[in-house]
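Analysis of the macromolecular model
Listed here are the chains, written in short residue letters.
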Amino acid sequence: MESKPRLSAQRLCSNYILNNAFMKKSILLLCLALACYLGGVQAQAQNYQLTGIVLDSTSQEGLPGATVMLVSPRDTNDKRITVTNVEGQFSFSNLPHRFYMMTIRYVGYETGMQRVRLEQAVTRLGDIKLRSRTLDEIEIKGDVIMTEVKGDTLQYNADAFKTNPDATAEDLVRKMPGVTVEGGQVQAQGEQVRRVLIDGREFFGEDAAAALRNLPANMISAVQVLDQQSDQARFSGFDDGNTTKALNIVTKPEYRNGTFGRAYAGYGTDNRYQAGGNLNNFSDARRLSVIGLSNNINQQNFGAEDLAGVAGAQSGAGRGRRGGGGPGGFNFGNQGEDFSVGQQNGINTTNALGLNYTNEWNKKLKLTGSYFYNQTRNVNDQRLFRTFFLEGNESQLYSQNSIESSNNENHRLQLRLEYALSEKTNLIWTPRATLQLFSAQSRIDAFNTTPQDVLLNQSVNTYRQNNEAWRLNNDLLLRHAFAKRGRTITLNLTTGYNNSQEQGALLSENQFFERPSLVADSLNQQNQRLNTGFSWNTSLTYTEPMGKQGQLQFNYRIGNTFSAADRETFNFDPVVGRFNLLDTALSNQLRNDYFVQQIGAGYRFNSQKGIVRGGFGVNWQYATLSVDERFPNAFALEKDFINWLPYANLALNFNKQSNLRLFYRTNTQAPSASQLQGVVDNTNPLLLRAGNPDLNQAFSHNIFTRFRYANPNGHSFFALLGGSFTQDFIGNNTTIAVQDVFLPERGITLNQGTQLTSFENLDGFYSLRSFVTYGLPLNKLKVNLNFNVGGSYSRTPSIINGIQNQSESYNLSQGLTLSSNISEKIDYTLSYTFGYNDVRNAIQPALNNTFFTQTANLKTNVIFWKGFVWQQDLAALDFQGLAEGFNQQFLLWNMGIGKKFLAGQAGELRLTVFDLLGQNNSIARNVTDVFIEDVQNQVLTRYYMLTFTYNLRKFKE
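Residues numbered from 1 in each chain as written. Predicted model: local features only at pLDDT ≥ 70, side-chain atom pairs only at ≥ 80, totals over all residues. Heavy atoms only, no water.

Observations regarding the overall build of the protein chain
If you tally the helices and strands in the protein chain, you get six helices and 51 strands. The proportion of buried residues among the 957 residues of the protein chain is 51%. Restricting to contacts in the protein chain with at least 6 residues of sequence separation, those with at least 24 account for 67%. Carbon and sulfur atoms form 55% of the exposed surface of the protein chain, whose accessible area is close to 43100 Å². (Helix = DSSP H or I, 4+ residues; strand = E, 2+ residues; numbered from the N terminus. Buried < 20%, exposed > 50% of the residue type's maximum accessible area, 1.4 Å probe, protein only. Contact = heavy atoms within 4.5 Å. Areas by Shrake-Rupley, 256 points an atom, 1.4 Å probe, with all protein chains shown as cover.)

Considerations on the nonpolar core
One broad rule of soluble globular proteins: the nonpolar side chains tend to lie buried together. Judged by nonpolar contacts, the single largest core of 40 residues is most densely connected at Y156, L172, M176, L212, L215, I220 and L247. With residues near it in sequence (within four places) discarded, Y156 still touches M146, T147, F161, M176, P177, V179, Q189, A222, V223, V225 and F718. Counting residues in hydrophobic clusters, the runner-up holds 27 residues, among them I444, L687, L882 and F931. (Core = buried A, V, L, I, M, F, W, Y, C linked by side-chain atoms within 4.5 Å.)

Some words on the pattern of salt bridges
All told, the structure shown has 24 salt bridges when counted by the stated rule. Between K252 and D159 there is a salt bridge, and its shortest N-O distance comes to 3.8 Å. Here D159 lies in the loop between β9 (153-157) and α3 (169-174) and K252 lies in the loop between β16 (243-251) and β17 (257-268), a separation of 93 residues in the sequence. Residues R529 and E502 are paired through a salt bridge, measuring 3.5 Å at the closest nitrogen-oxygen approach. With R529 in strand β26 (residues 519-546) and E502 in strand β25 (residues 488-512), the pair connects residues that are 27 residues apart, well separated along the chain. For the pair R529 and E502, a shared accessibility class is recorded, and that class is buried. (Salt bridge = Lys/Arg side-chain N within 4 Å of Asp/Glu carboxyl O.)

Things to note about a nonpolar patch on the surface
Taken together, F864, W865, W870, I897, F901, L902, L909, L911, Y944, L946, F948 and Y950 make up a surface patch of nonpolar side chains, about 1100 Å² in accessible area. Sorting the residues of the nonpolar patch by element identifies β47 (888-901), β48 (907-914) and β51 (943-955) as the ones contributing at least two each. It is β51 that contributes the most residues to the nonpolar patch, four residues altogether. Along the chain, the position of L946 falls in strand β51. Classification of L946 by relative accessible area gives partly exposed; the value is 44%. (Patch = residues over 30% accessible without salt bridge, like charges linked within 9 Å, V, L, I, M, F, W, Y side chains within 5 Å.)

A few points about the sheet that holds strand β14 (residues 201-202)
The mixed open sheet is built from six strands, whose spatial order is β8-β9-β15-β16-β13-β14. Two strands close off the open sheet at either side, each with one partner strand: β8 (147-150) and β14. Sheet topology note: the β9/strand β15 (residues 220-229) ladder contains four bridges and is antiparallel. By the bridge assignment for β15, N157 is matched with A222. (Pairing = 2+ DSSP bridges.)

Let's talk about the environment of L720
Locating L720 in the fold gives a position in strand β36 (residues 716-727). On a C-alpha basis, the gap between L720 and S770 in space is 5.6 Å, while along the polypeptide they are 50 residues apart.

Topic: the confidence of the model for the protein chain
Reading predicted coordinates in detail is not appropriate for stretches of low pLDDT. Put simply, the protein chain has an average pLDDT of 82, and 86% of its residues get 70 or more. For the stretch residues 134-142, pLDDT sits under 50, and the model shows six contacts to residues farther than four places along the chain or on other chains. Here residues 302-342 scores under 50 on pLDDT; set against residues more than four positions off or in separate chains, the count is 130 contacts. (pLDDT = per-residue confidence, 0-100.)

Topic: the environment of A634
Within the fold, A634 resides in the loop between β30 (612-631) and β31 (635-653). Using a relative accessible area of 69% as the deciding quantity, one classes A634 as exposed. In sequence terms A634 and Q589 are 45 residues apart; their C-alpha atoms lie 9.3 Å from each other.

Brief notes about the sheet that holds strand β7 (residues 122-130)
Taken in spatial order, the three strands of this open sheet run β4-β1-β7, and their pairing is mixed. The sheet terminates laterally at β4 (89-95) and β7, the two strands that pair on one side only. Going from strand to strand, the sheet's axes swing by 15 degrees on average, the running direction of each strand aside. Alignment of strand β1 (residues 48-56) against β4, held across five bridges, turns out to be antiparallel. (Axes fitted to C-alpha atoms, helices over the stretch in contact; angles between N-to-C directions.)

Digging into the pairing of strand β34 (residues 687-690)
Judged from the two bridges that link them, strand β33 (residues 680-681) and β34 form a sheet pairing that is antiparallel. Within β34, the position partnered with V680 by the bridge is A690. Here β33 hands over to β34 after five residues, the two strands then running antiparallel side by side. Bridging between β34 and strand β40 (residues 755-762) involves three bridges; their strand directions are parallel. By the bridge assignment, R689 is partnered in β40 with T757.

What to know about the side chain of Q224
By the secondary structure assignment, Q224 is in strand β15. Judged by its relative accessible area of 3%, Q224 falls in the buried class. Beyond its immediate sequence surroundings of up to four residues, Q224 is in contact with P64, G65, T153, L154, Q155, A246, L247, N248 and V250.

Take a look at the structure:
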C-alpha cells in the first residue's frame, strides 16, 4: 500500500510533461523532489522499534543483564544484540520491516525463543517471562566466561573466580580486575563506587562497603560494573553524562528465596572483644536484611559518619584540613549523600546496627528503605610535624603532640518510594533524615621553631565540646511519558534543612619568645555556635524526539540556599566568677543567601547501529550571592554572577569488547557559610582560622575520558584520564607573623610565630589524574594477574605572607596483584604497591621534597584436613623521605588457625593473633599548598582472640 503514492506521483508527472512541453524542466524537477520525499517517507516507515521487559516467571522481577538477540531468517548474518537494563528492559531501534527470531539468554534460566513480526512503528512485547533452572538442569560446558562488555556495562561472571565457601562479596570482587577495596572505599576502574544494587535494586543505600561485607560470595552469579544514570535520564532516555558508578550483584535463582547470614563472637587478651553478624530473609520481591556489630578492635563495618556538619567544628588544633578546597576527582555525576568517611585514626570502640528493607507490593508500588545507628568512642595519641613554606630560604616548623577522646552517635534513615499513577506517569519520593550527637575533649602541646631550632612560641591547651546536629532532605520526582516515544516531561522538587549547635570550652597557656621580655598569655573562654540552613530547588525538564536518532532536551531550574552562622565567645570574668565578657573579635552573626536560576537546552544523538552516541548542551545560569553581617560590624553586600555552563559527552563502541567514553562538564561552587564568616577561630591559639565575606563563587571545567576492553577469556584493559581547571578557586591565605602585628580588619594582634589562615579567590588551580589497569588469567598457574599504574598532578595556588605561592604535587603509583584461582579450599593473594611523590613550591624551592612508600602483602586462607582453617595476613611497609623520626620499615603480621564443625561445617572456632611481631605503626604524609606534614597516630598492639562463628544457609528448593 505504501508504494501507491509514489506510483501516482509518477503518472502525474508523465501527464503534465506530455501536455505542457514548455514546463518540462520545472515539472520534472518538482516530480523528482516529490518522488524523493515520498520515497523517504516509505524508508522512514521502515525504521521500526521493538521493546520488552524480561522477567523472572516466579517473582515477576526484572532480570538485569540478560542478552537479547534478533536474527533475520532472510540473512542469518543480520544479527542485532542488546542487554537488559537494571529493570530488565530492552529496546531495539531502526529495524527493517520483516520477521525476526528473538533469543533471550540469562545465567541460570532457560533460554527464551520467540518469533517476532514488526507490524507497527513501535512494537511493544510487554513482559517476557523466563523460567529458572535447578542446578541439576544446568550443564557446564568448557571454560566459564570471565568478563563480558555489554554496552556501558562490564560483567564479571562469579563462577570464574574461586573463593572459600565462607567468603563474602567483598572477597569476591577483590579478585576481579580493576576493582579495589581499601579503607572502606570501593573503586572500579579508578572511580569510586557509590551504590551497590542486588538484582537491580538498592542495598543499604550508598554504603557500598557495608553491602559487600554482608553478602556471601556463593550466592552471586555475576557482578556488573555500570554507570548508573539518574532517575530522570533513565526515564526520558536522554543521557546527559551525569552518572554514578555502581555495582549490580546478580544473584543465583536458587538463592532468591530463603534465609541466610552469619553470627560471630570473640574475646581476647587486653579485654579485646568483638561480636556481630547479619541476617537476611529473601522472599521474591520482599527482602529484609539486619546487620550489627560491637567491638573495640577498630572494626567499623559501616564507617564513621560525615557528622552532618558536626565534625568540622572540632578544629582540633591543626589537623591540616585544607580550608577551601576546589573540585577534584573524577566523579562528575550525582554525588548523592555519602556519609561514610572510612576508618578513623586511633583506637575505636564501635556499636552499630543497620536494617535494609525492599518490597514490591504490586506493579504500582515499590519501597526501599534503610536505617543505621552507629556509636563510636575514639581515643587517639597523635604526633605531628609540619613544615610551612616561607619566602626565600626561611621556613617555620610546627610540632604537635595531642591526645583526644571523643564519642559520636548518629542515626540515619533513608527511604525510596516509587508509585505508578498510570502506565505513563509515576512518582518517586526519597526522604532522608540524620541525627548526630558528638562530644570530645583534647589536650594539645604545640610549639613553633625556626630551622635553627630557635623556639618562637609554645602552647598548652585543652578544648571540650558538645555538638548536636540534624538534617532533613526530601526529593520528589514526577515523570510523565507521552504516547510518542522519547517525548517526556519531568518535574523535580528537592528541599533540605539542617541545624547544628556546639558548645565549647577553651583553656590555653601560651608563651611567646624572641622578644625583649618573655610574654605569656592565657585564655579561658567558652563559645557557642549555631548553624542553620534551608534550601529548595525546583526543575522542569522536557524531552522531544528529533529525527530518526536524535532527541532534544529543555530544562529550567530555580533554587535558593539560605544559611545562618552565629558564634559567641565569652571570656572568664574573675570578679564575678562567670563567663560573661563578650569577646567581639571572636563573635559574629552572618546570614548567607544564594539564589540560582538556570535555563538550558541539549541534544542527544545515536548512530543507527549504536556505534556512536553522545550529546551536548549548554545552560545559562544567573546567581545572586547575598551576605549580611549583623555583628560585630553591620554591613551587607550582594554579588551577581552570570555564567554559561556547557557540557558534552561522547561514546564510541568499537566492537562487543571495547568502547571509549568522553565527558566534558562545567560547574560553579558557592562559598560556604563558614568560609564567609569573618570571625576568628582560636581553638588552637598558634594556628588561627577565619573566613572571608568577600569571596566569589568558583568556576570549574572538568574533562574525563575512559577506555575499556575485556574479552571472554578474562583479558581486560582499562584506562582513564581526566583533569580539572578552576577559576576563582577558593584557596588559603596564610599570614605567619615574623613579629607582633595588629590586624585592624580582624581586631586582633597576631603574635610572633603564630599563624592566621583565611580564604581568597585565586586563579591557577589545575589537577590531572590517570589510571591504567590490566588483568589476565594465567591458567596454567591457576592465578589471575592484575597490574595497575596511576599518576596525578595538582597545582594549587595560595597566598603566604602576601606573596602568591604555587604548590605542585606529582604522584605515581604502581601495583601488582596475583590472586589464586586454584580451588575453593586454597585462596591466596600476593600484592605489591609502590608510591612515588614529588612536592614543589614556588616561594621556597629549598623545601622541594621527594618521598616514597612501598608495601608488599601476602594473604592466605587455606582449608585442609577435616575442616581445619589456616589464615594469615603479612604486610611489609617501608616509608622513606619523611621527616626525622618518621622514616620507618616494619612488618605487620596477623595469623589465625581454626576448625570448622557442625552440620555442613556451619560452625567455626578460630584463634587469631594480631600484630604477631609487635611492630604495628601508623604513618602518613599530607601535602597542602601551605605546608608538608608527617603524622603518626596511636595503633593497636599485639593481642590474641578466640572467636566462634556460625553460618546460616537455608533456602527454598
